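Summary of the model geometry
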Amino acid sequence: QMMKHAWDNYKRYAWGLNELKPISKQGHSSNLFGNIQGATIVDALDTLYIMEMKEEFKEAKEWVEKNLDFNVNAEISVFEVNIRFVGGLLSAYYLSGEEVFRKKAVELGEKLLPAFNTPTGIPWALLNIKSGIGRNWPWASGGSSILAEFGTLHLEFIHLSHLSGNPVFAEKVMNIRKVLNRLDKPEGLYPNYLNPSSGQWGQHHVSIGGLGDSFYEYLLKAWLMSDKTDEEGQKMYYDAVQAIETHLIRKSSGGLTYIAEWKGGLLEHKMGHLTCFAGGMFALGADGAPSDKTGHHIELGAEIARTCHESYDRTSMKLGPEAFRFDGGVEAIATRQNEKYYILRPEVIETYMYMWRLTHDPKYRQWAWEAVEALEKHCRVDGGYSGIRDVYNNHESHDDVQQSFFLSETLKYLYLLFSDDDLLPFEHWVFNTEAHPLPILHKEDGSKEEKQK
Ligand code: DMJ
C-alpha cells in the first residue's frame, strides 16, 4: 500500500522526472544526476518486481525502453549514478531477465569509465558523460576524491564485466584496492579523502557514516558476492572493523554503544543516521569473522540497532534525526537544529531487517512497525511521502521531497522484514548500497545467468 501510494503519486505528478515533490505536486530535480532523468523509475524497478506490482513494473520498463537516455550533456555524480542507475538496472535484469536492462546498464557503465582517467586511477567524483571530463567536489579536502564514493563501485562494476564480457570494469575497481593497500593508514583507519593525482590522503577525518560508510560495506559484500573467494576484500574488511572497534566504538554512560567520528586522533561523539547501517553490516559479517568473534559481531550489530532505535524513540515523531550526539549531557539526541531532520532514509530499518533475518528476535519487527506507523502519521501526505524538517517538533514541517531511495530502500527493506526469509535469501543475493539485489557469483557457476532463469 505504501509503495502504491508513493509510486502512483510520482506517476501522477512527476512521471519521467527524477523525484517527486509531494506537497507542491511536481517534479524534483537533483543535480546529482545532471540531466539524466527517471531516477525514481530506475530505483523502484526491482521493488515493484519483488512486490509483484506487475502493471507498474511493465510501465516502468516501457519508460526505460523508450526514454532512458544517457546521450546527454550532463555532469553527474559517479557514485550516485552508479548505485541508483547502474545498480537499479542490474537488479531489474537479474530479477526479470529482460535484456533491455542489461544493455542499458552496460551502456551507462561505459559512459562512467572516463572517470578513472586520473594519474592513480582513483576516479573523479563528478563526470561530464558527454565530454568525459571529470573533477572533484570543490568542498573536498585538497581536491580529494571521497572514500565512500570511489569505494562504492565494486559490486556493480564486477557485474558489468560479468555481463558484458569486458574485463575493463573489474580492472578499474581492483586497481582502487591496489592504491589503498600501498598506503599507510593512520591507526589502521581509512581517511575519507584521497587525492587522485598524488595518491595521498587528504584530511585525516574518518567516518563510518557520510563520506566513509559504504566503502566498508562494499569490502564485506565484495567478499560475499564472490562466494567468499575474494580474500583480499575479506582481509581489508575485518582489519578495518578491528581498527573501528579500537578507535571509534564507544559506550555511553547510559550503556548505549555508538560509533564516533575521528578527526586527526580526536573523537567527535556524534553518530549519523547514515552510520546506523553498520549494525546490519556487522551482523552480516559475523559469519566470516574469526570463529571466536562470530557472536561478538552479532552482538555489536544488536547494540548498534538498539542505539539507533533509541535515537528514534527519543524524538516526538518516533523518527530518527540526521545525526545524534553523546556529549553535553545528552545521549542519542540531536542537539543542533541543522541535524534534526529526517529525509525518509533507510539505514535504521535496513539494520532491523538484517538483525531480524539473522536472529529472528521479534523486537526487530516491532521496531520496524513503530517506524511504519510514524511514517504513515508524519510523512504520508496526499501527494506521496515527504521528509520532515524537525523530528522533535510536534507539528510536521515537510521538506517536500520524496527521495528515490524511499522506494528503492526504505520500502523494500520493510517488505523483506515482514516476508519469509526465502524472498531474496542471503545465500544467493547481496544488496548494493541502494538496496538493489545482485546475485552471488557462485564458484561452480559457469553461467550464472542460466541459473537465475
Ligand atoms: C542512499 O542513496 C544510499 O543508501 C547511500 O549509501 C547513502 N545515502 C542514501 C540513503 O540514505
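Residues numbered from 1 in each chain as written. Predicted model: local features only at pLDDT ≥ 70, side-chain atom pairs only at ≥ 80, totals over all residues. Heavy atoms only, no water.

Thoughts on the UniProt feature "binding site: Ca(2+)" (unreviewed entry) in the protein
The residues that UniProt annotates with the feature "binding site: Ca(2+)" (unreviewed entry) are Thr-433. Turning to its location among the elements, Thr-433 is positioned in the loop between strand E17 (429-431) and strand E18 (437-439). Residue class for Thr-433 comes out buried when judged on its relative accessible area of 14%. Not counting the four nearest positions on each side in its chain, Thr-433 is found in contact with Phe-79, Ile-83, Thr-152, Ser-214, Glu-217, Tyr-218 and Glu-409. At 2.9 Å, the side chain of Thr-433 and the side chain of Glu-217 are in polar contact. (UniProt positions renumbered as here; feature names shortened; annotations may be inferred. Helix = DSSP H or I, 4+ residues; strand = E, 2+ residues; numbered from the N terminus. Buried < 20%, exposed > 50% of the residue type's maximum accessible area, 1.4 Å probe, protein only. Contact = heavy atoms within 4.5 Å. Polar contact = N/O pair within 3.5 Å; in protein donor to acceptor, adjacent residues only side chain to side chain.)

Description of the nonpolar core
Val-64, Tyr-216, Ile-259 and Phe-282 are the most contacted members of the largest nonpolar core, which has 153 residues in total. Among the elements that take part in this core, helix H4 (residues 78-96) stands out by supplying 12 residues, more than any other. Leave out the neighbours within four places in its chain, and Val-64 touches Ile-41, Val-42, Leu-45, Leu-89, Val-100, Phe-101 and Lys-104. (Core = buried A, V, L, I, M, F, W, Y, C linked by side-chain atoms within 4.5 Å.)

Focus on the site of the ligand
Residues in contact with the ligand, as listed here, are Ile-83, Arg-84, Leu-274, Arg-345, Pro-346, Glu-347, Phe-405, Glu-409, Thr-433 and Glu-434. Contact with the protein chains covers 92% of the free accessible surface of the ligand, which is 290 Å². Its atoms largely coinciding with the cavity grid, the ligand occupies the largest pocket. Those elements giving two or more residues to the shell around the ligand turn out to be H4 and helix H15 (404-417). Residue composition of the shell around the ligand, grouped by class: four nonpolar, one polar and five charged. (Near = heavy atom within 4 Å. Areas by Shrake-Rupley, 256 points an atom, 1.4 Å probe, with all protein chains shown as cover. 1 Å grid on protein atoms, 1.4 Å probe; cavity = no way out; pocket = protein on both sides within 12 Å on 5 of 7 lines; lining within 4 Å. Sits in = over half its atoms within 2 Å of the grid points. Nonpolar A, V, L, I, M, F, W, Y, C, P; charged D, E, K, R; others polar.)

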